[in-house]
Amino acid sequence: MIPLPRGFDIVFDRSLRSYSERRLLVGGSPRRAIRLTEAGQQAFAALRDGGSESESARLLARRMIDAGMAHPRPPRGRVTLNVMVVVPVRDRAPMLDRCLEALGPGVPVVVVDDGSRDARATAAVCSRHSAALLRLEQGKGAAAARNAGLDVGATDLVAFVDSDCIAARDWLAGLVDHFADPLVAAVAPR
């Protein structure tokens, strides 16, 4: 098992319970149990007190994350990967406008128009926000639009945001930071 990388913290899931003088951890979904040795109890105590630097604590942290008993909190700013945002849309120009406004400047955005009846409205919103536009003449659905957007750019990562979503401030940095863990291949917000 590969331990959680140094610098990561964890937050215990609200389902986590300990029994038998902290020798048994139960939690996650589906519900799981981890029986702790004496060394495991010490590692759990370290994690509970905010320490995750020892190898045993980082190994236990990985097990708990895999079991859904804890959630990783990566260090900020460790990862520098270029990202493109793909936004599929069909006939939602006002929502798209709010979505692109929330994404802000600085990140390349590709809007995939999935056969909107009013293509001009979508194009006007994209132009206002300096977003690239890819138009599919026939609507094929959001999944097909996302896949079409993948072919547009060559970046390390691609983030998908639906046109009716308003991204929170610093949303992308918080997600990208998870890629400091070599076992992470995809990330979604909670």
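One can find the structure itself at the top, above this paragraph.
Since the structure is predicted, the reported quantities are computational estimates derived from the model, not experimental observations.

Draft legend 1. Quick look at the pattern of salt bridges. With the rule as written, the count across this model stands at 12 salt bridges. A salt bridge links Asp113 to Arg135; the shortest N-O distance between them is 3.1 Å. Separated by 22 residues along the polypeptide, Asp113 in strand S7 (residues 109-114) and Arg135 in strand S8 (residues 132-136) bring together distant segments of the chain. For Arg135, a relative accessible area of 30% gives the class partly exposed. When the shortest N-O distance is used, the salt bridge between Asp162 and Arg146 registers 2.6 Å. Residue Asp162 is found in the loop between strand S9 (157-160) and helix H6 (171-176), and its partner Arg146 is found in helix H5 (residues 142-150); the two are separated by 16 residues along the sequence. A relative accessible area of 30% places Asp162 in the partly exposed class. In this structure Arg146 comes out as partly exposed when scored by relative accessible area, which is 21%. Residues joined in a network through salt bridges with shared partners are Arg90, Asp91 and Arg117.

Draft legend 2. Inspection of the sheet that holds S8 at higher detail. One open sheet accounts for four strands, arranged S8-S7-S6-S9; its pairing is parallel. Across the chains shown, the open sheet's two edge strands, defined by having one partner strand only, are S8 and S9. Each strand of the sheet is rotated relative to its neighbour by a mean of 25 degrees, with strand direction disregarded. One ladder, built from four bridges, connects strand S6 (residues 83-89) with S9; its direction is parallel.

Calculation criteria
Residues numbered from 1 in each chain as written. Predicted model: local features only at pLDDT ≥ 70, side-chain atom pairs only at ≥ 80, totals over all residues. Heavy atoms only, no water. Salt bridge = Lys/Arg side-chain N within 4 Å of Asp/Glu carboxyl O. Helix = DSSP H or I, 4+ residues; strand = E, 2+ residues; numbered from the N terminus. Buried < 20%, exposed > 50% of the residue type's maximum accessible area, 1.4 Å probe, protein only. Pairing = 2+ DSSP bridges. Axes fitted to C-alpha atoms, helices over the stretch in contact; angles between N-to-C directions.

Coordinates in, geometry out; function isn't part of it.
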